[in-house]
Amino acid sequence: MNKSSNARYGAVFVLLTVLVAVLAVCSVAAGSAAGLSAGDALRMLFCAPDGSTAYSIVWGIRLPRTLAALILGGALSVSGFLLQTFFANPIAGPFVLGISSGAKLTVSLTMVFALSRGLASGSAVLIAAAFVGALLSMGVILLLAPRAQKASMLVVCGVMIGYICSAVTDFVVTFAEDSNIVNLHNWSQGSFSGLYWDSVGVVAVVVSAALVLTFLLSKQIGAYQMGETYAQNMGVNIRMFRLALILLSSVLSACVTAFAGPVSFVGIAAPHLMKSLLHTAKSILLIPACFLGGAAFCLLCDLIARTAFAPTEMSISSVTAVLGAPIVIYIMVRRRQQA
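Going along each chain's sequence as written, the residues are numbered from 1 onward. Selection of residues for local features in this predicted model requires a pLDDT of at least 70, selection of side-chain atom pairs for listing and counting requires 80 or more, and totals for whole chains, interfaces and linings are taken over all residues. Computation of side-chain values covers all heavy atoms of the structure but excludes hydrogens and water.

Moving on, we come to the overall build of the protein. Strands here are runs of E lasting at least two residues and helices are runs of H or I lasting at least four, both read from the DSSP assignment and numbered beginning at the N terminus. A tally of helices and strands in the protein yields 15 helices and 0 strands. Taking 339 residues into account, the globule formula puts the C-alpha radius of gyration at 20 Å, and the protein, at 20 Å, falls close to it. Dimensions of the protein, computed from the C-alpha atoms along their principal axes, are close to 60 × 55 × 35 Å. The buried share of the protein, taken over its 339 residues, is 50%. Excluding contacts between residues fewer than 6 apart, the proportion of contacts in the protein whose partners are at least 24 apart in sequence is 76%. Under the convention used here, a 1.4 Å probe and the Shrake-Rupley method define accessible areas, while residue burial counts only the protein chains that appear. Carbon and sulfur atoms form 67% of the exposed surface of the protein, whose accessible area is close to 15600 Å². Charge separation in the protein, taken as the distance between the mean sites of 18 positive and 9 negative side-chain charges, equals 21 Å. Put simply, the radius of gyration uses C-alpha atoms, and a globule should come to 2.2 Å times the residue count raised to 0.38. Here the term buried applies to any residue with accessible area under 20% of the maximum for its type, exposed to any over 50%, and partly exposed to those in between, with areas from a 1.4 Å probe on protein chains only. The contact criterion used is simple: two residues touch if any of their non-hydrogen atoms lie within 4.5 Å. Only four residue types enter the charge count, namely Lys and Arg as positive and Asp and Glu as negative; His and the chain termini do not. Working definition for charges: the position is that of NZ of Lys, CZ of Arg, CG of Asp or CD of Glu.

As a packed pair, helix α3 (residues 53-87) and helix α14 (residues 283-307) sit with axes 7 Å apart at the nearest point and diverge in direction by 135°. Considering their axes alone, α3 and α14 lie oblique with respect to each other. Considering the relative orientation of α3 and α14, their crossing is right-handed. Here α3 contributes R65, T66, A69, L70, I71, G73, G74, A75, S77, V78 and F81 to the contact with α14, which in turn contributes S283, L286, I287, C290, F291, G294, A295, C298, L299, D302 and R306. Per-class residue counts for the contact of α3 with α14 are 13 nonpolar, 6 polar and 3 charged. Every axis corresponds to a line fitted to the C-alpha atoms, with the helix fit spanning only the stretch in contact, and the corresponding angles, defined between N-to-C directions, vary from 0 to 180 degrees. If an angle is under 35 degrees, it is roughly parallel; if it is over 145, roughly antiparallel; if it lies from 65 to 115, roughly perpendicular; otherwise it is oblique. For any helix crossing, the convention is left-handed if the near helix is rotated counterclockwise from the far helix by under a right angle, and right-handed if that rotation is clockwise. Residues are grouped as follows: nonpolar covers Ala, Val, Leu, Ile, Met, Phe, Trp, Tyr, Cys and Pro; charged covers Asp, Glu, Lys and Arg; every other residue, Gly included, is treated as polar.

What follows covers the environment of F131. Mapped onto the elements of the fold, F131 is located in helix α5 (residues 123-144). The sequence separation of F131 and G98 amounts to 33 residues, and the corresponding C-alpha distance is 13 Å. Excluding residues within four positions of it along the chain, F131 makes contact with L247, S250, V251 and A254.

Our next topic: the nonpolar core. Counting 92 residues, the largest nonpolar core has L72, F87 and V207 as the members making the most contacts within it. Here this core gets 14 residues from one element, more than from any other, and that element is α14. The residues contacting L72, other than those within four sequence positions of it, are F192, L195, V203, C255, V256, F259 and A260. We call a set of buried residues a nonpolar core when its members are Ala, Val, Leu, Ile, Met, Phe, Trp, Tyr or Cys and they connect through side-chain atoms within 4.5 Å of each other. Formed by 10 residues, the second largest nonpolar core is a distinct cluster that contains A41, M44, V58 and L63.

Bringing the packing of aromatic side chains into the picture now. Side-chain rings of Phe, Tyr and Trp (the six-membered ring for Trp) are treated as a pair once their centres are within 6.5 Å; stacked means planes under 30 degrees apart, edge-to-face means over 60, and tilted covers the remaining angles. In the structure shown here, the tally under the stated rule is 5 aromatic pairs. Aromatic pair Y224 and F241: ring centres 5.0 Å apart, planes at 50°, arrangement tilted. Highlighted residues: Y224 in helix α10 (residues 218-224) and F241 in helix α12 (residues 238-260), separated in sequence by 17 residues. With respect to class, Y224 is no different from F241; both count as buried.

A separate point is the state of the cysteines. Two cysteines form a disulfide when their sulfur atoms are joined by a covalent bond. Note on terminology: disulfide denotes any pair of cysteine sulfur atoms within 2.5 Å. Counted under the stated rule, the structure contains 0 disulfides. There is no disulfide at C157, and the cysteine sulfur nearest it, in C165, is 13 Å away.

Quick look at the pattern of salt bridges now. We define a salt bridge as a side-chain nitrogen of Lys or Arg found within 4 Å of a carboxyl oxygen belonging to Asp or Glu. Under the definition given, this model contains 4 salt bridges. Residue D302 pairs with R65 through a salt bridge whose shortest N-O separation is 2.8 Å. Note that D302 is positioned in helix α14 and R65 in helix α3, a separation of 237 residues in sequence. For R65, a relative accessible area of 9% puts it in the buried group. With a shortest N-O distance of 3.5 Å, R242 and E228 are connected by a salt bridge. Here R242, found in helix α12, pairs with E228, found in helix α11 (residues 228-233); they are 14 residues apart in sequence, far enough to count as distant.

A few words on helix α13 (residues 266-278). A helix is expected to span 1.5 Å multiplied by its residue count minus one. With 13 residues, α13 should cover 18 Å at 1.5 Å per step; its first-to-last C-alpha distance of 18 Å lies within 8% of that length. Every buried residue of α13 is accounted for by V266, G267, I268, A269, A270, P271, H272, M274 and L278.

On to a nonpolar patch on the surface. Within the patch definition used here, like charges are joined within 9 Å and nonpolar side chains (Val, Leu, Ile, Met, Phe, Trp, Tyr) within 5 Å, considering only residues with over 30% relative accessible area and no salt bridge. Among the surface-exposed residues, M153, V156, V159, M160 and Y163 lie close enough to one another that they form a single nonpolar patch of about 470 Å² accessible area. Here M160 lies in helix α6 (residues 151-174). For M160, a relative accessible area of 42% puts it in the partly exposed group.

The subject of this paragraph is unusual backbone geometry. Glycine aside, residues mostly have negative phi, and peptide bonds are mostly found in the trans state. Phi is positive for A88, close to 50°, though the residue is something other than glycine. The exposure class assigned to A88 is exposed, which follows from its relative accessible area of 66%.

With 23 residues, α12 extends 33 Å between its outermost C-alpha atoms, agreeing within 8% with the 33 Å of an ideal straight helix rising 1.5 Å per residue. Where α12 ends, the next residue or the one after it, G261, has phi of about 80°, a positive value.

Mapped onto the elements of the fold, L248 is located in helix α12. A residue is classified by how much of its surface remains accessible, and L248, at 8% relative accessible area, is buried. Among residues more than four places away in sequence, those in contact with L248 are L82, A210, L213, T214 and L217.

Next up, the structure:
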């Protein structure tokens, strides 16, 4: 790395960190129940409790939701980066490939089964169910990938898998009678609402562990991006490495789906934006950049979803689709022009 590159990388990371911090403060401050200034929000975050209603709202509702959006947004972006590395395809992502929809289906079935019998579905159960669904969808994609000669065909296959899983999920939720099960409709559309400190703690542990393992693979990822032959010559066990990519990307996307439902396009848009900002393919830089970029992207989208038509709240996927879909279209058009 030369000095100009180091300066660029440093500037990008400073910018991303500041952006995440500003959006997090805005997210904590904004709301229809108790709108606060940025200064009031910071005071409530760092000063002693004052017992006010606003303080309870900030610490009991808004802060855990903000942290959940930050962590899960980063996780989704890193998951997309891993899938793009695996398929060597810039438009591969958990939502587009149907992985999030598969996770949504198994989580919905688990919730319906548990609630219909008066059982509680713990965080571990939901993550496990989402992980199984993500792996099943990934398995179908892996079977279809060799037959999909073009990237666009792989995307079409993923979208069709997503539609099938979403249709089954909607069918299950629509004909459910229990009022608690009917409330799954809001979750199935994607939302960071209803996430409290116990959920944030579980999310933080699972995502942190997956990110640490991803960092440990950064050298192998760099070698794999140069081609399988080069990676093998560098001593990378291709089969185990590909398995690790599948498991890590599935865990990250499953964690998001289990708690927030399906969130679209973040896994494609954020990694692409980070690569454009950094002008590098170095995984040791892209992994943290993708996490910060995904966190900022989801914080912004969640803020828009909560405030654009307050007190009515939009689903998070509606906003991420509006902002993320044009980036996907741009990537596909540019790839066609370069072909």
